[in-house]
Amino acid sequence: MATHPKTFLTPEQYLEIERKAEFKSEYYQGEMFAMGGARWTHNRLVANLIALLHQQLRSHPCQTVPMRYARSGGGHRLYTYPDAIVVCGEPQFLDETRDTLLNPS
């Protein structure tokens, strides 16, 4: 029985697809993984977490945001959408699109 080989994407191919997509996907080691939609309880927990972090970080040069970030290491690249990211200092972005954070804390 023949199997279909996996198609691996470069990070650039992933970003081109993801930036046009209607639904979010994450990327790891050349593969895209569709994200499931979050439910009400999850979204309320995330909103409360972001509000709490925002209040705690008011006197610090830090911000809390829900956005994609990229990480490299060990020859692998990861693009993921955590529920909340804290970034301290000036945010660094992948490119001029400013939709992918590189320096979460």
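Residues numbered from 1 in each chain as written. Predicted model: local features only at pLDDT ≥ 70, side-chain atom pairs only at ≥ 80, totals over all residues. Heavy atoms only, no water.

Caption draft 1: Focus on the overall build of the protein chain. A count of helices and strands for the protein chain gives two helices and seven strands. Its C-alpha atoms give the protein chain principal-axis dimensions of roughly 60 × 30 × 25 Å. Out of the 105 residues in the protein chain, the part that is buried amounts to 25%. The centroid of the 11 positive side-chain charges in the protein chain is displaced by 7 Å from the centroid of its 11 negative side-chain charges. (Helix = DSSP H or I, 4+ residues; strand = E, 2+ residues; numbered from the N terminus. Buried < 20%, exposed > 50% of the residue type's maximum accessible area, 1.4 Å probe, protein only. Lys, Arg positive; Asp, Glu negative; His and termini not counted. Charge placed at Lys NZ, Arg CZ, Asp CG, Glu CD.)

Caption draft 2: The nonpolar core, seen in detail. Within the largest apolar cluster, seven residues are counted, these being L9, Y14, L15, Y27, A70, Y79 and Y81. Beyond its immediate sequence surroundings of up to four residues, A70 is in contact with R77, L78, Y79, T100, L101 and L102. Formed by six residues, the second largest nonpolar core is a distinct cluster that contains Y69, I85, V87 and L101. (Core = buried A, V, L, I, M, F, W, Y, C linked by side-chain atoms within 4.5 Å. Contact = heavy atoms within 4.5 Å.)

Caption draft 3: The sheet that holds strand β1 (residues 25-28), seen in detail. The five strands lie next to each other as β2-β1-β5-β4-β7, forming an open sheet whose pairing is mixed. Both edges of this open sheet fall to β2 (31-34) and β7 (100-101), since each of them pairs with a single strand only. As judged from the five bridges shared by strand β4 (residues 68-73) and strand β5 (residues 76-80), these two strands associate in the antiparallel manner. Each residue of the ladder has a partner; that of S72, found in β5, is R77. Together, β1, β2, β4, β5 and β7 form the strand contacts of helix α1 (residues 11-20), whose direction differs from that of β1 by roughly 180 degrees. (Pairing = 2+ DSSP bridges. Axes fitted to C-alpha atoms, helices over the stretch in contact; angles between N-to-C directions.)

Shape is all these values report; function is a separate question.
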